[in-house]
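Fold and contact review
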Amino acid sequence: MSESPDRTPLPRSFFDRPVLEVAPDLLGRTLVRNSPDGRIELRLTEVEAYAGAIDPGSHAFRGRTARNAVMFGPPGHAYVYFTYGMWHCLNLVCGPEGEASGVLLRAGEIRTGAEQARKRRLSARYDSELATGPARLATALDVARSLNGTDVCAGPDAPLAVLHGTPPAPDLIRSGPRTGVGGEGAPHPWRFWIDGDHTVSPYRAHVPRKRTAGAGLDSGPRGE
């Protein structure tokens, strides 16, 4: 019999730590999305860390802007950004207030509310594909920019919450380069995943894109 996940909400102190401690520690945790359509619960299986001012791959590398302001606020809040003019991505802010860092939620296994996710992810052939990749995860959970700044420590009935869940054994946690990150940030082994989990997304190296007039928000450094 599988172990029942711990439903204790994670406290703010969990997020008030260095990003490279928080990121692997998020694996196996339960992400909750409450909306008028119902409740979805997902076990996190893949994440990426972004370290703000010291990380060329981070949206906060060049300082504070209207877009990334949430990252400089208190830990334990959601940072949602729009990418390629089509998709949203969900991140969790961590570290001390004023020092921007965050964890991109890349993939997970939906354990409650899969029927809702299927309606939003019609192209998924299997349930294991519903939240494989950060844009798919956000789409399946109906995450939009309106959730930017949401306090994930406000309780299990908040729009977004993170419960203790069931962390994997330490020897199952793997790390490697972040997906699609180029330049000086490319070598950082700051992508973390649960070894052998069928929901983890495939690794893709960075491919430079030709910059064009009217390029979208992600024409600069990618990241949280």
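For the structure given in this document, a descriptive report is provided here. (Residues numbered from 1 in each chain as written. Predicted model: local features only at pLDDT ≥ 70, side-chain atom pairs only at ≥ 80, totals over all residues. Heavy atoms only, no water.)

**Structural notes on unusual backbone geometry**
Where we set the bar: By the criteria applied, helices consist of DSSP H or I runs no shorter than four residues and strands consist of E runs no shorter than two, each listed in order from the N terminus. Burial classes follow relative accessibility: with a 1.4 Å probe on protein chains only, a residue under 20% of its type's maximum area counts as buried, one over 50% as exposed, and anything between as partly exposed.
Backbone geometry at Asp142 places phi at a positive 55°, although glycine is not the residue there. By the secondary structure assignment, Asp142 is in the loop between α4 (134–140) and β7 (160–165). We classify Asp142 as partly exposed; its relative accessible area is 36%.

**Regarding the packing of aromatic side chains**
Put simply, the rule is: Ring pairs are drawn from Phe, Tyr and Trp, using the six-membered ring of Trp, whenever the two centres fall within 6.5 Å, and their geometry is named by plane angle: stacked under 30 degrees, edge-to-face over 60, tilted for the rest. Placement of a positive charge over a ring is assigned whenever Lys NZ or Arg CZ falls within 6 Å of the ring centre and within 35 degrees of the normal to the ring plane.
For the coordinates displayed, the defined rule picks out two aromatic pairs. Taken together, a centroid distance of 5.1 Å and an interplanar angle of 75° make the contact between Phe14 and Phe15 edge-to-face. A residue is classified by how much of its surface remains accessible, and Phe14, at 8% relative accessible area, is buried. The class of Phe15 is buried, set by a relative accessible area of 0%. Ring centres of Tyr79 and Tyr81 lie 5.8 Å apart, and the angle between their planes is 40°; on these two criteria the pair is classed as tilted. Stacked on the ring of Phe14, the Lys or Arg Arg17 has its end atom at 4.6 Å from the ring centre.

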